[in-house]
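An overview of the molecular structure
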Amino acid sequence: MTSFGVLGPLLVTDPEGRPVRLRGERQRSLLAMLLTHPGSAVPVDQLVEALWPDVPPPKSYASNLHTYVSRLRERLAVPIEHGAGGYRLAAGPAESDLVRFETEVAEGRRATRAGDPVAAAAHLRTALAQWRGPALADVHVPLLAPIAARLDAERLTVFEDRAEAELAADVPGELVAELESFLLANPLRERAAALLMRALQRAGRQADALALYGRTRAALRDELGVDPGAELRRAHAAVLRGEETHPAQATAVWPICQLPPDLADFAGREDEVNVVAASITGASGAVPVTVLSGEPGAGKSTLAVRVAHRVRSEFPDGQLFVQLSGSSKPRDPADVLADLLRALGVTGPAISDDPHARAAAYRGRLTDRRVLVVLDDAASVEQVLPLLPGTPGCAVLVTGRRRLSALDGAHRVPLGPLSDADAVALLARIVGTARVDGERGAAARISAACGNLPLALRIAGTRLAIRPDLRLATLADRLDDERNRLDELAVSDRQVRTSIALSFHALSPLARAGVRALALCGDISAPAWAIAVLIDDPGADGAVEELIEASLLAPIGTDPTGEPRYRLHDLVRVFAREQEGPSPGIRTLVHAAVGLAEAAGQQLPWTVPLPRWPADPPDQSLARDTVARLVDDPHAWFATEQANLVTVVGSIFRIGWHREAVLLLERLTGYLWLHGQYADLRACHESLRQLAQRAGLSRVAAWAEANLAVIVHARGEHEEAERRYRACTRELTELGERRSAAWVTANLARCLIGLGRPGESLEVADEALALLDGEPDQAALQHVERIRTEAFNRLGRLGDSVRVTRRTLAAARLSGDPAAIALALSDLAWSLALAGELEAAREPAEESVALLRQLPTRSALARCLRTLGAINAGLGRREAAVAAYTEAHDLARSLNERPRELSCARAIAASLVGEGKAHQAIPLLRSGLAEFRSMGSVASTVISLRVLAAAYEAVGESARAEEALAEADRLGDPRDASAATLAGLLLELTRDAGRALTGSPHAPGITPGQRP
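All values derive from a computational prediction rather than experimental measurement. (Residues numbered from 1 in each chain as written. Predicted model: local features only at pLDDT ≥ 70, side-chain atom pairs only at ≥ 80, totals over all residues. Heavy atoms only, no water.)

So, the overall build of the protein chain
Secondary structure assignment for the protein chain yields 46 helices and 15 strands. In terms of overall size, the protein chain is more extended than a compact globule, its C-alpha atoms giving a radius of gyration of 41 Å where 1012 residues would be expected to give roughly 31 Å. The principal-axis extents of the C-alpha atoms in the protein chain amount to approximately 135 × 75 × 55 Å. In the protein chain, which comprises 1012 residues, the proportion classed as buried is 52%. For the protein chain, the proportion of contacts with a sequence separation of at least 24, taken over those separated by at least 6, is 69%. Carbon and sulfur atoms make up 51% of the accessible area of the protein chain, which amounts to about 43,400 Å² in all. The average position of the 115 basic charges and that of the 128 acidic charges among the side chains of the protein chain differ by 2 Å. (Helix = DSSP H or I, 4+ residues; strand = E, 2+ residues; numbered from the N terminus. Rg over C-alpha atoms; globule rule 2.2 N^0.38 Å. Buried < 20%, exposed > 50% of the residue type's maximum accessible area, 1.4 Å probe, protein only. Contact = heavy atoms within 4.5 Å. Areas by Shrake-Rupley, 256 points an atom, 1.4 Å probe, with all protein chains shown as cover. Lys, Arg positive; Asp, Glu negative; His and termini not counted. Charge placed at Lys NZ, Arg CZ, Asp CG, Glu CD.)

Here it is, written out as structure tokens:
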């Protein structure tokens, strides 16, 4: 093993103990720089300054530095690491005399604080034995001069520490001779003189002690012009009185700093650091106490240390740091006070056995001082109270998993997980920026699996750092599996599971049961009523408070229904799922959720083009007034619980509660369809379809597939929708589900119209009516009639269209359903418009829009606005037409109804042509045309071609205009009155509006860069 020495001339010895000669001063300078920063990365700019101290560095300094490092690695076989912070040489006590010296000094001073002077003297003597002369005596690097001076000064202090420890232990030896020799070399060291006076007095040489005092006082006056300090004067007075001076009677040496080192790879938390720093420095008239609380692994201690280092200048008398071990074995405050008093200069018999006297002495030591006290990992208020200073000027920063709510007057700062960006930044600082940048997606997955908790991130980062060959994606894949996640988040003796377990097992049985039950519900934000149902005990409120106090359950605000909400952290949830124990409240909670969804859904119109699932909800466990309060606004309730419901549907199906899962999704579907939440709809039904197929539940799988087909259709994927509709119809018919098959068949008929096959659509609509034979489903009959009307329009059978729409409107008015009435009015308005009765069509169109504005059916409102816009365009009411189309466009975009959004954008582009802005309209029209073609929507393609031709004509591109018209004639169905009429109405918007080529540069309702 190669070893190094800097405590004297620079020395390198090989594993056999033979000196190793280094070639060149720059290699020696580089090695000295690395050795004097043990365990730390030395920045490149400092290394460059050390290697070229008197001349400008060469342009190739980076390459040269790399060469010198490589040569050192090869010559000495030592691990010199290169990271973002610079170069680092990892050497332990066995390899480095400096590390060995610092380690033994730390152990010696720890023994001193513990009241063991014998051990302290042994450690300090070992530390001093590492020295061979002045530090770095043969290395001449200006940058190292202050470091060498500091080490030499530390050597003198350690010698005095060792002498004092040997005096306290009454160790036999040549202490007097050693101190006399030391003072000959350092005649102005007052502490050494005081120690030698005590040693001489103890040896019965009072006269020599007094003579020493006289010589030292004269030297101080001659050399420095000052009188002896308090310590030396006390030693003199004790000799005159014939008394021995004890260290316990000495005043503490100020300032004192016990802070652990700040972490170089600290990331994020800037806001929290500022808040905590302000809270402990901004108070006046009292001792500010700040409690930094948070869940296991949130990085409370690390943040406290960073803050303490930042505000050191505000507390010039020192910083005390006490580890209270509250999460494992809480320390007795009396023992803590003894340690603090020793640190403040009180030792031996001067420390009382009475805890109250110790607290009083501690407060007395801090009187009128400016000291920051950091109490790390506190367990309780009772543990903290005796450790609080008594006078202003001091401040206290407490960390702990518990919030210490009973600590009066404290400022509380709860610490949650890191932000996504800060979590990835911390990972990058540990692993290396290059690796993280190369796999950003995997880094984000690792951070998410760690719940953005610093402890988990540090463990994951450490695993990656020690395995440079391990891809981030590989670790991310392992962490994605919750069953093994906590096993993966362990390295050496650091384990996330152990950290959480300390808090979990300290809970009451009722609180532990609550955590387990809540964890089994998945990743949800739980309202207060849900937690009460889960715990199902009169002490539920107390258990919730206990969990919040322990930082295991986080309050996240009050929802729109007035309920407080809470969330378990991801890793706490994963841990709790591993614990055994009954959780009977989960089934009750599911029944309550289904009942609430049913109560909320009954207040909303059913607009899904499919029948309701024929089943009654389970018994409701919640009180009737609670249900009424929660779903008073059904939209607010669904919006609040949407994420939870989406999460739990699949979970409860997997554990065998099939009926509840289907009922919950069916109620949720009504709300999601109403608001155009197609992504969640698709995800839920796709998951349920797969689960039902694996479980052999064909009826449920077919129902989910029917919903998926409707979603695909709504997004304009007509050909895929046709395929799904046909397969689903066959499946439902074979299962004997004729009513559902009729709805799906009717939807297929509408899809065929979009594909330009209205004749076939009528035939399929008749098949739907045949399936409904004997089924008293008025909503289904009206649905089929609306589709037949649309087909009649496409076929030019306008008389049939008006007749059917009037009959449909009459039936809707009899039903009293305002949504059905509005849709029937819109259908009648369009039939009248196709018949050329535009003025007659305007009234039902406006009435339909007015009705729907009072309802939450935004999709239907967008449809009817589009109809009203077309009628106003034909009547020459340009501004009203554009306003209607713009509102419909914005609604469709918010609902992700792409076909309707495109058709409205087409109308807006037509109006731009009329305003003399055809150059702006053409790219919008061409983009929309391409999408209609990809959807297979023939009629929409034909209409878009005719409007585009008008735009080309407006800019003088007649050839392109003729080409577009020729294609429209080739694709169009001459019987399609609907397409022909709509094209004619839109062309009215392209007529010259008498406006200049000025005005808004963008189409109304369409943002720049957005596809129409």
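Some points on the sheet that holds strand 5 (residues 256-257)
Backbone-to-backbone hydrogen bonds pair the strands of a sheet. The strands run either parallel or antiparallel. Taken together, the six strands give an open sheet; going across it, the order is 5-7-8-9-6-10, and neighbouring strands pair in parallel fashion. One side of each edge strand has no neighbouring strand; the edge strands of this open sheet are strand 5 and strand 10 (411-415). Relative to strand 9 (residues 395-400), strand 6 (residues 289-294) runs parallel, the two being bridged by five bridges. In the strand pairing of strand 9, Val291 is matched with Val398. Each of strand 6, strand 8 (371-376), strand 9 and strand 10 is contacted by helix 11 (residues 270-281), which is oriented at about 165° to strand 10, the strand it contacts most. (Pairing = 2+ DSSP bridges. Axes fitted to C-alpha atoms, helices over the stretch in contact; angles between N-to-C directions.)

Thoughts on the confidence of the model for the protein chain
If pLDDT is low for a region, its predicted coordinates should not be looked at in detail. When pLDDT is averaged along the protein chain, the result is 87, and 96% of the positions lie at 70 or above. Of the regions scoring below 50 in pLDDT, residues 247-252 engages in 18 contacts with residues more than four places distant in sequence or in other chains. Confidence drops under pLDDT 50 across residues 995-1012; counting only partners more than four residues distant or on other chains, this segment forms 44 contacts. (pLDDT = per-residue confidence, 0-100.)

Description of the sheet that holds strand 13 (residues 526-527)
Strand order in the open sheet made by the three strands is 13-15-14, with antiparallel pairing throughout. Looking at strand neighbours, the two that pair on one side only are strand 13 and strand 14 (553-558), the edges of this open sheet. Pairing of strand 14 with strand 15 (residues 564-568), which is carried by four bridges, proceeds in the antiparallel orientation. The residue of strand 15 that forms the bridge with Ala554 is Arg567. Across the sheet, helix 25 (residues 540-549) touches strand 14 and strand 15, and the angle it forms with strand 14 is around 105°.

Comments concerning the packing of aromatic side chains
Enumeration according to the criterion identifies eight aromatic pairs in this entry. Look at Trp52 and Tyr68: their rings are 6.4 Å apart centre to centre, the planes differ by 45°, and that puts the pair in the tilted class. Separated by 16 residues along the polypeptide, Trp52 in the loop between helix 2 (44-51) and helix 3 (61-76) and Tyr68 in helix 3 bring together distant segments of the chain. Where Phe638 meets Tyr671, the ring centres are 5.0 Å apart and the plane angle is 15°; that geometry is what we call stacked. With a gap of 33 residues between them, Phe638 in helix 29 (residues 634-654) and Tyr671 in helix 30 (residues 658-674) connect regions that are remote in the sequence. For the pair Phe638 and Tyr671, one class covers both residues: buried. Ring pairing ties together the aromatic residues Trp637, Phe638 and Tyr671, which thus form one cluster. A cation over a ring is seen here: Arg370 above Phe315, with NZ or CZ 5.6 Å from the ring centre. (Phe/Tyr/Trp six-rings, centres within 6.5 Å; stacked < 30°, edge-to-face > 60°. Lys NZ or Arg CZ within 6 Å of the ring centre and 35° of its normal.)

Observations regarding the nonpolar core
General note: in soluble globular proteins, nonpolar side chains tend to be found buried as a group. Ile446, Val496, Trp529, Leu553, Trp637, Phe638 and Leu664 are the most contacted members of the largest nonpolar core, which has 165 residues in total. Leaving out residues up to four positions away in the same chain, Val496 has contacts with Leu455, Ala456, Ile459, Leu486, Leu489 and Leu571. Within the second largest apolar cluster, 67 residues are counted, among which are Leu7, Val20, Leu72 and Leu179. (Core = buried A, V, L, I, M, F, W, Y, C linked by side-chain atoms within 4.5 Å.)

Structural notes on the side chain of Arg458
Position of Arg458 relative to the elements: it lies in helix 19 (residues 454-465). A relative accessible area of 12% means that Arg458 is categorised as buried. Within the local environment of Arg458, its side chain forms a polar contact with the side chain of Asp265, the two groups lying 3.0 Å apart. Leave out the neighbours within four places in its chain, and Arg458 touches Leu263, Asp265, Phe266, Leu426, Ile430 and Arg494. (Polar contact = N/O pair within 3.5 Å; in protein donor to acceptor, adjacent residues only side chain to side chain.)

Let's talk about helix 13 (residues 333-343)
Among the 11 residues in helix 13, eight count as buried, and that is most of the element. The set of residues buried in helix 13 consists of Pro333, Ala334, Val336, Leu337, Ala338, Leu340, Leu341 and Ala343. In this fold, the buried residues of helix 13 make contact with helix 4 (97-113), strand 5, strand 7 (318-323), helix 14 (355-366) and helix 15 (381-384). N-capping of helix 13 is provided by Asp332, with a side-chain oxygen placed 2.9 Å from the backbone N of Ala334. Two residues or fewer past helix 13, Gly345 is found with a positive phi of approximately 100°.

Observations regarding the packing of helix 31 (residues 678-695) against helix 32 (residues 698-714)
The geometry of helix 31 relative to helix 32 is characterised by a closest axis approach of 8 Å and an angle of 150° between their N-to-C directions. Between helix 31 and helix 32, the crossing angle belongs to the class labelled roughly antiparallel. Crossing of helix 31 against helix 32: the hand is left-handed. On the side of helix 31, the interface is formed by Tyr678, Leu681, Arg682, His685, Glu686, Leu688, Arg689, Ala692 and Gln693, while helix 32 contributes Val700, Ala701, Trp703, Ala704, Glu705, Asn707, Leu708, Ile711, Val712 and Ala714. Of the residues contributing to the contact of helix 31 with helix 32, the split by class is 12 nonpolar, three polar and four charged. (Parallel < 35°, antiparallel > 145°, perpendicular 65-115°, else oblique. Left-handed = near helix turned anticlockwise from the far one by under 90°. Nonpolar A, V, L, I, M, F, W, Y, C, P; charged D, E, K, R; others polar.)

Observations regarding the pattern of salt bridges
Evaluated as defined, the whole model comprises 79 salt bridges. Across the salt bridge formed by Asp262 and Arg306, the nearest N and O atoms sit 3.1 Å from each other. Separated by 44 residues along the polypeptide, Asp262 in the loop between strand 5 and helix 11 and Arg306 in helix 12 (residues 300-310) bring together distant segments of the chain. By relative accessible area, which is 31% here, Asp262 ends up partly exposed. With a shortest N-O distance of 3.0 Å, Arg724 and Glu705 are connected by a salt bridge. Remark: Glu705 occurs in helix 32 and Arg724 occurs in helix 33 (residues 718-734); sequence separation between them is 19 residues. (Salt bridge = Lys/Arg side-chain N within 4 Å of Asp/Glu carboxyl O.)

Regarding unusual backbone geometry
In the Ramachandran plot, Leu404 falls in the positive-phi region, its phi being about 55° despite a non-glycine side chain. Residue position: Leu404 is located in the loop between strand 9 and strand 10. The phi dihedral of Asn452 is positive, around 60°, even though this residue is not glycine. Mapped onto the secondary structure, Asn452 falls in the loop between helix 18 (440-449) and helix 19.

Regarding helix 25
For an α-helix, 3.6 residues make a turn, and residues three or four places apart therefore share a direction. Those residues of helix 25 that sit buried are Ala540, Ala543, Val544, Leu547, Ile548 and Glu549. The inward-facing, buried residues of helix 25 abut helix 23 (509-520), helix 24 (528-535), strand 14 and strand 15. Ser551 occupies a position one or two residues after helix 25 and carries a positive phi of about 60°.

Focus: the environment of Tyr725
Tracing the backbone through its elements, the reader meets Tyr725 in helix 33. With a relative accessible area of 1%, Tyr725 lands in the buried category. On a C-alpha basis, the gap between Tyr725 and Leu748 in space is 5.8 Å, while along the polypeptide they are 23 residues apart. For Tyr725, the contacting residues outside a window of four places in its chain are Ala709, Val710, His713, Val744, Asn747, Leu748 and Cys751.

Describing the state of the cysteines
Counted by the stated rule, this structure contains zero disulfides. A disulfide-free cysteine, Cys257 has its sulfur positioned 15 Å from the sulfur of Cys394, the nearest such atom. Owing to a relative accessible area of 37%, Cys257 belongs among the partly exposed residues under this scheme. Of all cysteine sulfurs in the structure, the one in Cys521 sits closest to Cys684, which takes part in no disulfide; the separation is 17 Å. Residue Cys684 is classed as buried on the basis of its relative accessible area, which comes to 6%. (Disulfide = S-S within 2.5 Å.)

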